[in-house]
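Structural features, examined
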There are 4 protein chains.
Amino acid sequence: MTGETVILAYSGGLDTSCILKWLLDQQYEVICVLADVGQKEDFVAAEKKALKIGAKKVIVADVKQSFVEDYIWPAIQMGLVYEERYLLGTSLARPCISVALMEAARQCGAKYLAHGATGKGNDQVRFELCAYALKPDLQIIAPWRDVEFCRRFQGRQDLIAYAQEHGIEVSAKPATPWSTDANIMHISYESGVLEDPNTVAPGNLYEMTVDPLTKAPRDPVCVVIGFDHGLPTSVEDLAGSRVYTKPLEMLQFLNELGGSYGIGRIDIVENRYVGMKSRGVYETPGGTILYAAHQDLEVFALDREVLRTKQVLRDRMADYVYNGFWFSPEAIYARRCIEMAQQRVSGQVTMELAPGYCRAIARKASKDGGALYNEQLVSMDVHGGYVPQDAGGFIAINAVRIREHVRAFGPYEVPKRAK
Amino acid sequence: MTGETVILAYSGGLDTSCILKWLLDQQYEVICVLADVGQKEDFVAAEKKALKIGAKKVIVADVKQSFVEDYIWPAIQMGLVYEERYLLGTSLARPCISVALMEAARQCGAKYLAHGATGKGNDQVRFELCAYALKPDLQIIAPWRDVEFCRRFQGRQDLIAYAQEHGIEVSAKPATPWSTDANIMHISYESGVLEDPNTVAPGNLYEMTVDPLTKAPRDPVCVVIGFDHGLPTSVEDLAGSRVYTKPLEMLQFLNELGGSYGIGRIDIVENRYVGMKSRGVYETPGGTILYAAHQDLEVFALDREVLRTKQVLRDRMADYVYNGFWFSPEAIYARRCIEMAQQRVSGQVTMELAPGYCRAIARKASKDGGALYNEQLVSMDVHGGYVPQDAGGFIAINAVRIREHVRAFGPYEVPKRAK
Amino acid sequence: MTGETVILAYSGGLDTSCILKWLLDQQYEVICVLADVGQKEDFVAAEKKALKIGAKKVIVADVKQSFVEDYIWPAIQMGLVYEERYLLGTSLARPCISVALMEAARQCGAKYLAHGATGKGNDQVRFELCAYALKPDLQIIAPWRDVEFCRRFQGRQDLIAYAQEHGIEVSAKPATPWSTDANIMHISYESGVLEDPNTVAPGNLYEMTVDPLTKAPRDPVCVVIGFDHGLPTSVEDLAGSRVYTKPLEMLQFLNELGGSYGIGRIDIVENRYVGMKSRGVYETPGGTILYAAHQDLEVFALDREVLRTKQVLRDRMADYVYNGFWFSPEAIYARRCIEMAQQRVSGQVTMELAPGYCRAIARKASKDGGALYNEQLVSMDVHGGYVPQDAGGFIAINAVRIREHVRAFGPYEVPKRAK
Amino acid sequence: MTGETVILAYSGGLDTSCILKWLLDQQYEVICVLADVGQKEDFVAAEKKALKIGAKKVIVADVKQSFVEDYIWPAIQMGLVYEERYLLGTSLARPCISVALMEAARQCGAKYLAHGATGKGNDQVRFELCAYALKPDLQIIAPWRDVEFCRRFQGRQDLIAYAQEHGIEVSAKPATPWSTDANIMHISYESGVLEDPNTVAPGNLYEMTVDPLTKAPRDPVCVVIGFDHGLPTSVEDLAGSRVYTKPLEMLQFLNELGGSYGIGRIDIVENRYVGMKSRGVYETPGGTILYAAHQDLEVFALDREVLRTKQVLRDRMADYVYNGFWFSPEAIYARRCIEMAQQRVSGQVTMELAPGYCRAIARKASKDGGALYNEQLVSMDVHGGYVPQDAGGFIAINAVRIREHVRAFGPYEVPKRAK
C-alpha cells in the first residue's frame, strides 16, 4: 500500500490514534478528518496529536450547521424515533460526517476510507453504506474487522501499550467504564458496566443534563416553539423574552435549557441492525422538547387519515435511518413523501419544561382559518354544520359487519367475570 | 311505547337524570344501570335518586375487576396507545360497561337501550357498536340525537329548569366548566374552557394526580413490575417492601403512588372517529407506569422483526378500540395475534417514579437462559460466536441496491452546506 | 320545494325516469345531467325522453376524455386494484361524473342533487362524498333511501306501472336478470341471478368481450405499450403497424383488441364499504392489459424497497377509491406520493394477447443507462462489480437473529414427515 | 480437512459433480444428498455417478410428501405470492430440502455442508439461513463463493474440461442456454439467453405446460376445489368424476390437467434479496389454480377488515419466504397469525380451466349458516335487516373530514378538462 492515501475518521481518542499509527505502519499516507458535530473536543489538541503521530494532514470540518439543518431538522419534521424511544442522535450524525469524509477523499484523491467503528455495531454499517452511496469507488478499511488487527489489539490494555510504545499520548483521565458518543443532538452511553441491562446506570454518567431531582430549578418554565411545514422556525423563551430563529441557536438554547431541567434521558434496550440487542442510555434534551412539540402540532394539524399514512412512512424511515440507509432510494422516497404531509404542519406549541420532563400544554395553527381543528364543530354548545342524527346511521352501517359476524359465527365471547 | 322496558346507562348526574324522566314521560319503564368502573360516585345516593325520579329498578354493577382484568390488562399487554399518546382509558371502559348493560337487558327482557352520550362524540359509537355486537335485537335510544329532545334541551340551563320543575335533585356543587369521565384507569377532561386548544388547562382540574412540582415527594421511588406473557403479574414497592399480585390491587397501588408523584398527565388534541378533532386532558397514573414498563420489557424480549409486525397490529388495534370496535371480527383477530407475540414477554422491569414522570431503569427476563438479550454477544470484549469479518460482506451486499441507484440515476444529492 | 332546482344524475333508464317524474310531482324543477363516460347509450333519445317527462333542461356532458386522462390513467399509473382483482371501473367513473354534476349545479344554481343509486350499494357513498367535497352546500336527495319512495316502489313492477301510468316510455327490450354499469373502462354486472355466488354467470352476459374459447382469433397478437412516469403514452399494434398516443384512442383500441380476445373477465365476491359482501362480474379488456403491462414495468424499474412502500400506499389508495374517497385529504396525499414513485417508471412492455388472457413477455427501460436492471450485475458469467464472497457475510449476519432465537428458545420445529 | 465429513447437496448435474470431485481433492469425505422434491431426475443414475466419482455415500431423500404438505399447502393457505406474481416454487423447496440435508448431517455426524448455489442468487441465502437455524454448528462450504474455486472454474467450459479430465460423465445432451430449477410445484428458468429482459423467452423452454394456443384442448373443463381452514382438501374433476383428497395426488392431478391447458406461465423481472434484479420465467400449473381458488374463497369467507390485516401479514410472509427466512422468529409468528385467520376459509370453489388461464366462476361456504356472504342482505329485493336510511348518516359522518378539509384549505382541485 506504499503511498496510497487513506482518509481516517479521526476522533483524537486512543482507538483512532492507534489506528492512525497502524495505518502508517502499513505504509499508507493518512489524512485525518475530524468532523465537528458539536461534541466537546479540543480540536486543536487533536490535530496536533495526529500530526505528531504522523498524519500527513488533518482536516477539521465544522459540520454543525449542516448537521442541524440537514439532518436533525428533517428528523424532527419527520417525527423520527426508533423503536418508539430513541431519537436517533448518533444515526443522524453518521451521514453528515460521511459527507465530510467523502469531501475530503475527493479533495485529496484518496482511494481508502478507514474508521474506528467496531465490528458488532451499527456505525460501521452507517459509515460504509454512506461511503458506498457517495463514493462507490472508495475502499473501506475497518481495522476492528481486520483479523490481524483484532489479534494484536484484544483489549484496551493492548491499545495503551501500543500507544505508549509509539509515543502516542494517552489521556491521563481514566477511561469511563462505558463508551460515549457525543454530538450537538445527544450523548449516548453503552458498553462496559451498561452491558448488564438489569444494572442501573451510574448517576454520574450524564453530561448534557443535570440530575432533574437535585440540580434542576424547581419552577417550570414555558417556551413557545414555532413550526413551518413541520420544521422548527422559532423558539421563544417566555421567561427571558428571547427569540431564537436560527436552527443551530435554537437547538443550543433548548439543549441548555432542557439540560438544566434534566430533560431527555432514556435507558433502553434496542435492536441493532446486525441482529443483536444492546443496552443504551441516551440524553437528548433539545431534541426531546422539539420532538414532543412537533408531535403535538402534527396531530393537531393533519387530517386523521393523512396522519395514519404518514406514520407508516415515518416508522419505515426511522428504521432506514437507524440502519444506515440515509442515502438510499427508499429513504429519499420516504422523506419526500413525509415532507409533503408536513405542508400543513405550521403553527406554534407551548411547551412546559419541568424537572425531568416536558409536555405540550397549548397549541395553535399559524393562520386562523387554516387549521383542521374546528372549535365550532367540536363544541357541545354549537351545531357547527354537524347533524347529530347522522351519527345513528353512521353507527348502524358500521355495525353491519359486526352483526354479520354474529349471524354467521354466533355471539361474541364476553368476559364471564362481568355481572 | 307504553310499558316497553328500556335500560338506561345511568350516571346519577343531571343529564341522565333528565333523560330518565324524559323516558318516563314517554311511557317507558326504565331500568337504570350504574356500572361501577372505579369512578368516585355515591352509588347509594344515585340509586335513591333514580328510584325517586321513577326508575322501576336500579342495578349497580360492580365491574371493576372485569374492567381491570379483561380490558385494561389486555390493553397493557398489547401496548395500546391512540395516536401515540392516549392510553384509551375511556375507550376501554365502554365495552366493559356495555357487557353489564347487555346483561341487564337480558335479565329484564328489555328491548331498548338508552344512553346519555352526545351526538358528536366517540362514546355513542362505542356503546352502540357494542350493543349491536352483543344483542343485535336491542334498539337504541340516543336522546342527544333525538331532534325533539335536542330542541327542548338546548343547554345546561334547560336541563336544570326541567330538573327543578320535576323535583329532580340538582347538585349544589357548581358544574365545572369542562366535562369529566372517570374510572379506575384514568380521568379525562374535555369541552367547555378546554375547547380552545391554545388555552392552558386550569391547574385545579386534576383529580387523580397531584401537582408534581409542588405536591409530590422530592425523592424518587422505585417499583419493580413483573410480567408474564406480557400481562402484569406483580408490583413490588421497593420502599415499603409490599408486593401486589392481584390486578385490581396492583392498579390501585400504582394509581395512588403514581398519583402522589403527579405522573401520567397529558394534554392533547386527538382525532375522533366521527371526523372532528377534539382537545382532551387526561391523567392516567398507574396506566402510564404499566405502559412504560411493558414497552421496555417488550423491546427487550421480542425478536426485532416480530416486534415490527406486532407494532403494526398494535396500531390497528388501538384504532379499533378507540373507534368502538372492541367486539368486532378485526379486533378479536388482532388481539389474538398480538397475544401470541407476547408469549416471550416475561420478566421484570424496574421503574423509577419521579415528580411528573417515570422511566424504566433496569430490566431482566424471567428465565436466565430464555431471553434474546445476549450480553456475551453484544459485549465489546467477547466474540460470543460473532465473526466481525462477516459484517463487511453484510454491508457490501446491502449496498448493492444503493450503488445500483447511483449507477442508474446518478449520485445522491448531498447537502451543500457541508464542508 | 316549489320551484327549487334539483340536478338529477339521469341515465335514461326506467329508474331515473321514474325518479325524474317523482321529483316533478314534488314540485322540484329538475335538470337532468347525462354524463357520457363511454357507455353505449342513445343520448339523443335519452334527452328527448327526459324532456318529454318534464325535465326543465337536459345536459349531456361528454366527459370521456377527462375520465380516461384524469381517472383511468392515474389508476393505471398507481396500479390500483381492489382486493387484488377488481380494477375499479365503476369506482373511478363516479368522481368524474360527480365533477360534471357539480359543474351543472353551479351553472344552474341548483341546491339539490338527486341520484338513483340504491341504499345498499357503494355508489351512493361515492356520489355523495364527492358532492360533499366539491359543493358542500348541496343537499342530497336519494330516493332509494326515502321511506316514502321505497314504500311506493317496492320492485321493478311498481316502477313499470308508474311509468306506464305517467306515459314514460318503457324499453320494449325485456330487462336482463341482472343490473349493469357500463363505461369506457369496463362493464360490471351484479344482482338478480348473480346474487347466488355459487351459480355460474350466464354466458350471454358479456358485452365488451367475446367468448375467448369460441369467438376469439386463435393466433395471439403482440402490442407494445409505452409508459412515461408510469402513465401509458403509446400503444403499438405490431400486427397492423398502428401506433396510438392519445389516451382515449389507446384505451379504445385496447378495448377492441382485448375484447376481441375475450380478455379481462372476472367473477368475484367483493366487500362493499357499507359492510356487506356482493358478487360481481366484470369485464375490463383494455384496463386489464394496461394494468399488467404497468405492473411488469414497475417491478422492473423501481428499487425493491421503494416498490414495497409504494405498494402499501397503493393498497390504501385502492380502498379510498373504492370507498368513494377520491376527493379526500388522504387520497390526494397518497396519490401524490405514488406519483412521485413513478418518476422512474418509463419504458415499454411487450404484451402478448391470447384468447382469454394477456401477459408481459418482454420489457425495456426508456433510456439505456437509466434503469435499475443490470444485465452485467446479474449475469452468471460476469462479476459486474459484485464480490460473491461478500454474500457469506451477508448471510451470516442475517443469521444472527435466527441463531439467537435458537439459543434462547430452543430449536425450530421441523416437519416430522421429512426424511 | 483430512477425513472431515461434508454433506453435499447433490443434483447429479455437472456443477455439483465437479464440486464433489473438488471436495474430494481437498480430502473431505463427501456424503451426497439428493432431495427428491418432484424434479424429473434419474436418481439411480445420479447415485451411481456420485459413487463413481468418489462419494462415500449417497442419500436419496424422497421429501415430496413433506414438500407438498408442509410447505406448498401452507403457502396456498397463506396466499403467498412474491411481488404479486411469483408463487415461490423454488423458495418453498429450499427449507424442505434443507431439513433433509440437516437430517443427513445429523445422522452422519458431518460438520460441513456444501452446496452448488451461486454467489449472486437467492438460493445460497435460503440454504444457509436454514442451516444456521436448524444446525447452527454446521459450517458452510459454498464453492461458488470460494476465490480459489472461482478462479479455476470461470465458465462452463472449465467445468467440462475438469469433468473430462477426472472421468466424470458429462451429459451428451447439449446444455440449454438457460438454467432450470424443477420440482413438483414449478419449473423456473433464468440466466443465459433470458438475461436480456427484452428478449422473448424461447417457446421450447417450457416442460410442465404445453403451448396453450396450439397444444391445449379447445374446450374448457371445470374442477371443484374444496378447502378447510384455508388448506386444499379435495379436487373434483367434474369431467371424469374423479375426486382427489391426498395433497400429493391433488397437486399432481392439477399439474397434469393445468399443464395440459398451458396454465401458469409467467415471465417477470423480480428483485433478489441480494440486491439485484433478475429475469425469470416460471410455470406453476397446479399452484396457479390452487392460488386462484384459495383467493376467491378467502375474500368470500373473511370479514373485510380481517382480510386487510391478513394481507399485510401475507405480504410480509411472502418476503420472508423469498428471502430465505422460513425458519425465523418472524416467519413462525406471521404464519401462525395467518393460519388463525384461515379458520373460516372453508368451502369450495369451481374453477374453469381454459387454454392459458383459469378463473373462479362459482363458490360456496362449507356450512350453510356459517358464511359471511348474505344473499338476503345484499339483495336489492329484500331488506334483510338493513335500513337504507342509515346510509345517509353513514355518508354524512364520513364526509365530516372531507368537508373540514375544504373549510380549512379551500376547494379540492378538479380536473379542468371536465365539462
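Note that the structure is predicted; figures quoted are calculated from it, not measured.

Conventions adopted
Residues numbered from 1 in each chain as written. Chains lettered and ligands numbered in written order. Predicted model: local features only at pLDDT ≥ 70, side-chain atom pairs only at ≥ 80, totals over all residues. Heavy atoms only, no water. Helix = DSSP H or I, 4+ residues; strand = E, 2+ residues; numbered from the N terminus. Contact = heavy atoms within 4.5 Å. Areas by Shrake-Rupley, 256 points an atom, 1.4 Å probe, with all protein chains shown as cover. Lys, Arg positive; Asp, Glu negative; His and termini not counted. Charge placed at Lys NZ, Arg CZ, Asp CG, Glu CD. Axes fitted to C-alpha atoms, helices over the stretch in contact; angles between N-to-C directions. Parallel < 35°, antiparallel > 145°, perpendicular 65-115°, else oblique. Nonpolar A, V, L, I, M, F, W, Y, C, P; charged D, E, K, R; others polar. Least-squares fit on C-alpha atoms with pLDDT ≥ 70 in both. Buried area = accessible area lost by both parts, 1.4 Å probe. Salt bridge = Lys/Arg side-chain N within 4 Å of Asp/Glu carboxyl O. Polar contact = N/O pair within 3.5 Å; in protein donor to acceptor, adjacent residues only side chain to side chain. Phe/Tyr/Trp six-rings, centres within 6.5 Å; stacked < 30°, edge-to-face > 60°. Buried < 20%, exposed > 50% of the residue type's maximum accessible area, 1.4 Å probe, protein only. Lys NZ or Arg CZ within 6 Å of the ring centre and 35° of its normal. Pairing = 2+ DSSP bridges. Left-handed = near helix turned anticlockwise from the far one by under 90°.

**A word on the overall build of chain A**
- For chain A, the helix and strand inventory stands at 13 helices and 14 strands.
- Look at the contacts in chain A between residues 6 or more apart in sequence, and 70% of them connect residues 24 or more apart.
- When the accessible surface of chain A is split by element, carbon and sulfur atoms take 48% of a total near 14800 Å².
- Computing the positive centroid from 46 side-chain charges and the negative centroid from 52, chain A places the two 3 Å apart.

**So, the packing of helix α5 (residues 123–134) of chain C against helix α10 (residues 304–323) of chain C**
Residue and element names in this part refer to chain C.
- At a minimum axis separation of 8 Å, α5 and α10 run at an interaxial angle of 95°. The orientation of α5 relative to α10 falls into the category roughly perpendicular. Of the residues in α10, those in contact with V125, R126 and L129 of α5 are V321, Y322 and N323.
- When the residues that make up the contact of α5 with α10 are grouped by side-chain class, the tally is four nonpolar, one polar and one charged.

**Description of the relation of the copies chain B and chain A**
- With an RMSD of 0.0 Å, chain B superimposes on chain A once it is rotated by 180° and translated 0.0 Å along the axis. Such values leave the two copies arranged in the relation of a two-fold axis. The position closest to the rotation axis in chain B is occupied by the C-alpha of Y357 of chain B, lying 3.3 Å away.
- Of the interface residues in chain B, 100% have counterparts in chain A that sit at the interface too, so the contact is made through matching surfaces.

**Structural notes on the interface of chain B and chain A**
- Contacts between the two partners involve 117 residues from chain B, matched on the other side by 118 residues from chain A.
- Of the roughly 10700 Å² buried where chain B meets chain A, counting both sides, 57% is carbon and sulfur surface.
- For the pair chain B and chain A, the number of links is 12 salt bridges.
- At the boundary of chain B and chain A, one finds 48 residue pairs in polar contact (both at pLDDT 80 or more).
- Among the elements that make up the side of chain B that touches chain A, the one with the highest residue count is helix α13 (residues 388–409) of chain B (14 residues).
- Split into classes, the residues belonging to the side of chain B that touches chain A amount to 61 nonpolar, 22 polar and 34 charged.

**Here's the deal with the interface of chain D and chain A**
- Across the boundary between the two partners, chain D contributes 26 residues, which contact 26 residues of chain A.
- Summed over both sides, the interface of chain D with chain A buries roughly 2500 Å², with 59% coming from carbon and sulfur.
- The largest share of the area that chain D buries against chain A comes from I397, R401 and F409 of chain D, three residues that together contribute 24% of it.
- In this structure, the connection of chain D to chain A is made through two salt bridges.
- Where chain D meets chain A, there are eight residue pairs in polar contact (both at pLDDT 80 or more).

**What to know about the packing of aromatic side chains**
- Applying the stated criterion across every chain yields a total of 64 aromatic pairs over all chains.
- With centroids separated by 5.4 Å and ring planes inclined at 65°, the aromatic side chains of Y28 of chain B and Y112 of chain B adopt a geometry described as edge-to-face. In this pair, Y28 of chain B sits in the loop between α1 (14–25) and β2 (29–36) while Y112 of chain B sits in strand β4 (residues 112–114), placing the two residues 84 residues apart along the sequence. Neither residue differs from the other here; Y28 of chain B and Y112 of chain B are each classed as buried.
- Cluster of aromatic residues (ring-pair linked, three or more members): Y273 and F325 of chain A, F394 of chain B, F394 of chain C together with Y273 and F325 of chain D.
- Its end group placed over the ring of Y322 of chain D, R126 of chain D keeps NZ or CZ at 4.9 Å from the ring centre.

**Considering the sheet that holds strand β9 (residues 231–237) of chain B**
All names here are of chain B.
- Taken in spatial order, the five strands line up as β10-β9-β8-β13-β14 in an open sheet, and their pairing is antiparallel. Single-partner strands in this sheet number two, and they are β10 (242–244) and β14 (357–365). Neighbour-to-neighbour, the strand axes of the sheet open up by a mean angle of 20°, direction not taken into account.

**Concerning the packing of helix α10 (residues 304–323) of chain A against helix α11 (residues 329–341) of chain A**
All names here are of chain A.
- Two elements in contact, α10 and α11, have axes separated by 9 Å at closest approach and are oriented at 150°. In this structure, α10 crosses over α11, and the sense of that crossing is left-handed. From α10, V306, K310, L313, R314, M317 and Y320 reach across to α11, where they touch E330, A331, A334, R335, C337, I338 and A341.
- Within the contact of α10 with α11, the residues separate by chemical class into nine nonpolar, no polar and four charged.

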